[in-house]
Structures are given as C-alpha cells and as structure tokens.
Amino acid sequence: MWTESDARVITHQLSRRARGWLRFLHQKVTTPDDWSSSGRPAPWWDDRSTPPVLNFPRFDLSESSYAIPMMADVTPAWREVYAEILDGLLDRHTTHWAAIDWLTRIGHDPDRENYPEDLARLWLPPHLIGRYDMPGWTANGVQPWGLAPDPIAAEGNLFFKGWFNLMLGFRGYVSRDGRWREPFEVTGYEDQRFSWTHDGINALLTRQWTARPEGLHCENTKIWPYCLSAAGLGLLMHDTLTGGNDHWVYDQWVQIAKQKFMGLAAPDKVEWMALYYDPLEDYIHKGGPTSGLSVSIYMLPQDRDLAEILYHTAVDRIGWSDPTRDVRTLPDPRFLLLGLVLAREFGDEVTLARLSEYSLNHFEPTFFGDGLDSFGWFFGLSEPYPRGQLNSLMMMAEIGEPGAWGRVFTDPNLAKFEQPTVHGVDFPRLGIATAWNDTTVGILHVRTYAATTSDRGAPTSFRVSLLPDAAAVVIRCDGADYPRWRVAGADTIEIDIDIDDHVLQIFWITAPGRSGAERGENVLISTSARPATNSDARLGGGGGPAGFGPAFGGAAGGDRLLGGRIPGPPCACC
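## Thoughts on the sheet that holds strand β11 (residues 459–465)
Ordered by their spatial adjacency, four strands build an open sheet running β8-β11-β15-β14, and the pairing between neighbours is antiparallel. The open sheet has two free edges, formed respectively by β8 (421–423) and β14 (485–489), since each of these has just one partner strand. Taken pair by pair, the neighbouring strands of this sheet meet at an average axis angle of 30°, ignoring direction. Sheet topology note: the β8/β11 ladder contains three bridges and is antiparallel. Bridge pairing links T421 to S465 in β11.

## What to know about the confidence of the model for the chain
Chain-level pLDDT for the chain is 85 on average; 83% of the residues reach the 70-or-more range. Contacts of residues 35–51 to residues separated by more than four positions or lying in other chains number 40 contacts, the stretch itself having pLDDT below 50. Predicted confidence is poor over residues 519–574, with pLDDT under 50, and the contacts of this stretch with residues over four places away or in other chains come to 133 contacts.

## What about the pattern of salt bridges?
Scanning the entire structure with this criterion turns up 21 salt bridges. Its salt-bridge partner being D91, residue R179 comes within 2.7 Å of it at the nearest N-O pair. With R179 in the loop between α7 (158–174) and β1 (184–187) and D91 in helix α4 (residues 80–93), this pair connects stretches of sequence that are 88 residues apart. Residue R179 is classed as partly exposed on the basis of its relative accessible area, which comes to 37%. We note a salt bridge from E117 to R121, for which the minimum N-O separation is 3.0 Å. Residue E117 and its partner R121 are both found in helix α6 (residues 117–123); the two are separated by four residues, about one turn of the helix. For the pair E117 and R121, a shared accessibility class is recorded, and that class is exposed. Connected via shared salt-bridge partners are D87, D91, R171, D177 and R179.

## Quick notes on the packing of aromatic side chains
Scanning all chains against the criterion turns up 29 aromatic pairs. Consider the rings of W224 and Y276, whose centres lie 5.4 Å apart with planes at 45°: the pair is tilted. Here W224 is found in the loop between α8 (198–211) and α9 (225–242), whereas its partner Y276 is found in strand β4 (residues 269–278), with 52 residues between them in sequence. The buried category is assigned to Y276, whose relative accessible area is 0%. Relative to Y283, the ring of Y276 lies with its centre 6.5 Å away and its plane at 55°, an arrangement referred to as tilted. Classification of Y283 by relative accessible area gives buried; the value is 15%. Following the ring pairs from residue to residue traces out a cluster consisting of F59, Y66, W163, F170, Y226, Y298, W405 and F409. Positioned above the aromatic ring of F367, the side-chain terminus of R16 is 3.8 Å from the ring centre. Stacked on the ring of Y276, the Lys or Arg K222 has its end atom at 5.8 Å from the ring centre.

## Details of the side chain of N140
Relative to the helices and strands, N140 is located in the loop between α6 and α7. A relative accessible area of 0% means that N140 is categorised as buried. A polar side-chain atom of N140 sits 3.1 Å from the main-chain carbonyl oxygen of W102. Residues contacting N140, with those up to four places away along its chain left out, are W102, R105, I106, G107, G146, L147, A148 and N220.

## So, the nonpolar core
Within the largest apolar cluster, 162 residues are counted, with the highest numbers of intra-cluster contacts made by W78, Y82 and W163. Take this core: its biggest share by element is 11 residues, from α7. Ignoring anything within four residues of it in the chain, the contact list for W163 reads F59, S62, Y66, L158, Y226, C227, A230 and Y298.

So, how was this worked out
- Residues numbered from 1 in each chain as written.
- Predicted model: local features only at pLDDT ≥ 70, side-chain atom pairs only at ≥ 80, totals over all residues.
- Heavy atoms only, no water.
- Pairing = 2+ DSSP bridges.
- Helix = DSSP H or I, 4+ residues; strand = E, 2+ residues; numbered from the N terminus.
- Axes fitted to C-alpha atoms, helices over the stretch in contact; angles between N-to-C directions.
- pLDDT = per-residue confidence, 0-100.
- Contact = heavy atoms within 4.5 Å.
- Salt bridge = Lys/Arg side-chain N within 4 Å of Asp/Glu carboxyl O.
- Buried < 20%, exposed > 50% of the residue type's maximum accessible area, 1.4 Å probe, protein only.
- Phe/Tyr/Trp six-rings, centres within 6.5 Å; stacked < 30°, edge-to-face > 60°.
- Lys NZ or Arg CZ within 6 Å of the ring centre and 35° of its normal.
- Polar contact = N/O pair within 3.5 Å; in protein donor to acceptor, adjacent residues only side chain to side chain.
- Core = buried A, V, L, I, M, F, W, Y, C linked by side-chain atoms within 4.5 Å.

Rendered as structure tokens:
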C-alpha cells in the first residue's frame, strides 16, 4: 500500500514550467476544434524523415497523456484538471480523425512503386521494394483479414487501440468517476459508430494477444515491439485499477521477443532490435541498438532489467554517456528526449546532465502568451505554439522525482481516492501547485497561485471533500488562522480565497485529546516541500540551471518538522 510516509523522495509541488505547460495543454484540449469532422485527410507523408506512424495527430493525443499521471502523483489531492484534460484527449481519440489512417488507407498503397529510394531502403524489405507498403500505410481490407469497419475490433490496428487503452488507464488513475467504463461510441469506416468501454477494449486486447502470442499487427502484416510494449503498459494499468490479471500476455511476449525480436550479443548488450516483424513474409526488419530507446520507455515499468539494457546499449552507442564526446542528435529531437527521460528514470546522472544542458541550450524553453502564463519548448522551429509530442515527452523530465514515470505503474498511489480532495477549482484562473495529505498527522497541504496573471486578486472559492468531520476542520493560511470557509456537507467544506500565491494547511484529524499545536494553533510556516526523508542529505540544495526542476540538476531543499510533530507546508517562494 502506498503511503506518504514511504522512505523515498517525494516532490509535492509542480514546477513553474509544469504549471505553464498544464495551462497551455488545458487550453488546447478545452478549445473546440474540428476533430469530430469527417472529410479529406491531411497528406499522409508530410515529414520525409520519419514514417507517418509517428506523425499523426493521434500521437499528440497519446503522448500528451504521459505526464498527466505523473502530475497526479505530485498533487494527489487535486486531480480534476487532469481528468478534464484526459477527457479532451480521449474524446478526440474516438473520432474519425484519430482513426483516419485505418478508415482511409484501404487495400495496398497504390503509390508503393513510387516511394523515394532512400526511404524505401531504410524502411522496407529489400527484396520487396515496389511491392510492399510503407510503415504507416494500414492496408485495412487486405487478405487474410478483409475490411474491418471497427478500428478497435479489427485484428490489427494495435497502434490505435493499444495507446487508447493506455490513455483510458491514465484516466482511471486520476478519477474514479467511471465515465469511460460506461459505453461510448467510436467512429468507424464510412462514419459507422461502434460502442465500447474501457473494460471491453482491455478484454479484447488480452483475447487477441492470447491468440497471437508473438503480437498483434499495427498496420496489416507488421508487428512492432514498440506498439506492443505500449499496449502491455495499458494492460498493466488496467490490472492495477481493477485487480485483474491480463498483463501476463506481455510477460509471455517478452520471452518471445528475447529470442526473436532482438539480438543479444551479451547478457547486457543488444546488437540489433526489430523495428517490425512480418509474419506472412517471415521477415524481421532490423534496426540498430539505438532503436531500443523507443521500446525502453514503455518496457521500463514492465521489465526494468531488459529496458535498462536497451537504454544503456543505445546511449553508449550514440555517445551520450561519454563526457569526452559532443552530444549529437537527429534533426528530429525525439530520440534525445527519450534519452533524457530514461536517463532520469534509470539514475544515469552523467547522461542526464549532458542531455539536460543540451536541451537548455537548443530547445528554446519559453514562457509565452498573455502574462507569460503558458510554457513550452519551441525547438527552433519558428512556430507560434509548442509542438505537442515533443513537449509532452520533454515534460516527463520535469515532473516529480527521478523514477516518477515507472512508479505510476509499479508503486501507484490509489490511497488518494479515499483521502481529503480539493475540487471545484476555477482553473485556469486559480492554479493549485501543491495538494497532498500528510496522513500521519492529518493535514492537507495546499498551495495556490494565479494561473492567469490578469486575474490576480480576484475572489474565488474551492471545495475540499472526503473529510472525516467537516465541522471540526481547522485552517491556517500563510501562517495565520483562516476563518473564510464554511461547512458545505458532512464531509465537505468550501473555502473563499483570492487568486494569488497562498499556502494553506487544512487540519482534518479530529481525534480527542489532541494538543493545540496538533490542531494547528501557533504553527509556524517553514520552507519544506515534502516530508523529510533519508534522501535529503544526498539531494542537498539547488544547483540546476535556473528555472529547471529536479530533472535538470535542481533539487528540493532540506526539511524540518515544526514542534516536533507537524511538517511545514510547501515553500511559497519556488
């Protein structure tokens, strides 16, 4: 069982960068757009450096979701904004545009005889060039499967339903309202509608994978370890939420992959990695060991040892782990971002420092918009807004402490659903940087800020529910008793506050005989950001590039307990 007293480093405050990205992402997913429209598809080959499987707006949806459960672990007592963002991403994933490749690329690609020669050599079986579809051409309707109108029920199309299932798992991790466990509709071929639930999609994936242990197809005829590892992660999250036991199909697949889809030159070194496998042609399209980065990030919570082998083989080959070599990357920074996130997860401090410095100098971290309230990395692209996929991967290196991504799956915080919870926040006017319960003493720590600078000073309110006794609550704000609240139900209070930086302590334990200090009287405000841990001496103070979170060399300060019992609230100056 996850508890706040676990002896590990815990960050309880969203960095300013994370708050700015959260605001921008929320604005994008809550702004009406044309995702639900049918119509002419965008050109399918709009970037000639990578296959279109990575270029679809659909990957903006899935990859923009990765940092959300990590944020929920930083502010476990405030999660409604994360549910709202995930609903926006998931709603779009049910539309024609999300499945457009499956719904419009029917049969074999009529242009496959005309692929650019360099791309054909890079991505296709040499003996089948001119007679083989490029990765990303889904080939819905080819034999032996025939036309599949439902993009989920199809025997293939894993890169649609596998990531969809993972995103649905994230939604279940931030909210227990059960919205996506009820039937919803997905758009299919010629605008047919198909009814599904989260549980139904997960069961289908398990059933199909059981029938095909070597893996499901993405595009017809191609099995990708990359897609399968993301799909396995979705099964793992569903098991976590429901107590199920479906993830075994991925565990079984890993054993097959070791024998068939990667060349292990030594127990700790990978010589090659399958980009995809065509079972009809019995053909493995091999990539170099650096291609393992894209698998490692999904495999990490499922088979950490193998994921770390893939990671270290890749970064050693590229030279990122060698301080005597210049940091090099492709024109598309995606793989460097994967290296950055994985270096942080695996505790590879040398590679992390080198890639962090490169990112700071080359990827244009910028606050923008009215009041400079939004944040993103612009990557030298001279575009008006930050790109979704790249920024969402980058944000994973900004959230929480090292290992935060893996812990979502291996050490999930499900206790938060039974603890006092903040809701009804007028975001994006008012923001919540800190919201966590210290259950050892019964204090909910909340830090507010002006998420929209122009609204600073305006009145607002929010609620706190799941309190053991709403009438017995004691609140302090910025070090003083705070009377501006009222009981709104047996387990709920409503707090009036102005939109600004405030640090609140909401004392909710009401056991008889507690002293005044334990009930919040005369409690001083400290600069601690989290309960003290044995890791504080290792972390030390600051040291990272200005404005960067722990991922970029910064660290939380030391902690102290006040009155010998009550930990202080998060620092209001960060």
